[in-house]
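Structural overview
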Amino acid sequence: MGKRRIMLACVAGMSTSLLVSKMQKAAQEKNMDIEIFAVPAPEAMEEIKKELVDAVLLGPQVRFMEPDFKQQLEPQGIVVGVIPMLDYGMMNGSKVLEFAVNLLEK
């Protein structure tokens, strides 16, 4: 797997900042070439137009947006998933990274 870009989208992009840091640390420990960043969900589609991404992970609080994201992004080859609530709440960067990698490998 070459370099991958993962975007996290939540209500304001702030609650995922800590999770992004923990995911990046987990990726470094596993020698994975992955760039991870967060944006507010309402700005995600605009950001995707500017930046190529391989996966979009939605925070549990915006899970209602999943069907729209999938409809718009999956035809472009961008996978979409909702971060499991427990892993999000515990800010378990390693588990969320594993979830993202599993999505990318499908």
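Residues numbered from 1 in each chain as written. Predicted model: local features only at pLDDT ≥ 70, side-chain atom pairs only at ≥ 80, totals over all residues. Heavy atoms only, no water.

With respect to the environment of Arg63
Keep this limit in mind: Runs of E in the DSSP output that reach at least two residues are strands. Runs of H or I that reach at least four are helices, and both are numbered from the N terminus.
Looking at the element boundaries, Arg63 is found in the loop between β3 (55-58) and α3 (66-73). Spatially, the C-alpha atom of Arg63 lies 17 Å from that of Ile78, the residues being 15 residues apart in sequence.

Regarding the sheet that holds strand β2 (residues 34-40)
Spelled out, the test is: Strand pairing requires that DSSP identify at least two bridges connecting the strands. Each axis is a line fitted through C-alpha atoms, and for a helix only the stretch in contact is used; angles between axes span 0 to 180 degrees, taken between their N-to-C directions. Two residues qualify as a contact provided that any one of their heavy atoms is within 4.5 Å of a heavy atom in the partner residue.
The four strands lie next to each other as β2-β1-β3-β4, forming an open sheet whose pairing is parallel. Strand pairing shows two members of the sheet lacking a second neighbour, β2 and β4 (79-82), which therefore form its edges. With strand direction ignored, the average angle separating the axes of adjacent strands in the sheet is 20°. Across four bridges, strand β1 (residues 4-10) lies against β3 in parallel orientation. Within β3, the residue paired with Leu8 across the bridge is Leu57. Along the sheet face, α3 touches β3 and β4 and points at about 170° away from the line of β4.

Some words on the UniProt feature "modified residue: Phosphocysteine" (unreviewed entry) in the chain
Put simply, the rule reads: UniProt positions are given in the numbering used here, feature names are shortened, and annotations may be inferred rather than shown by experiment. Residue burial is assigned from relative accessible area. The probe radius is 1.4 Å, only protein chains are included, and a residue is buried under 20% of its type maximum, exposed over 50%, and partly exposed in between.
Feature annotation in UniProt assigns "modified residue: Phosphocysteine" (unreviewed entry) to the following positions: Cys10. Topologically, Cys10 is positioned in strand β1. By relative accessible area, which is 0% here, Cys10 ends up buried. When sequence neighbours within four positions are dropped, the list of residues in contact with Cys10 reads Ser15, Thr16, Val39, Pro40, Ala41, Pro42, Gln61, Val62 and Tyr88.

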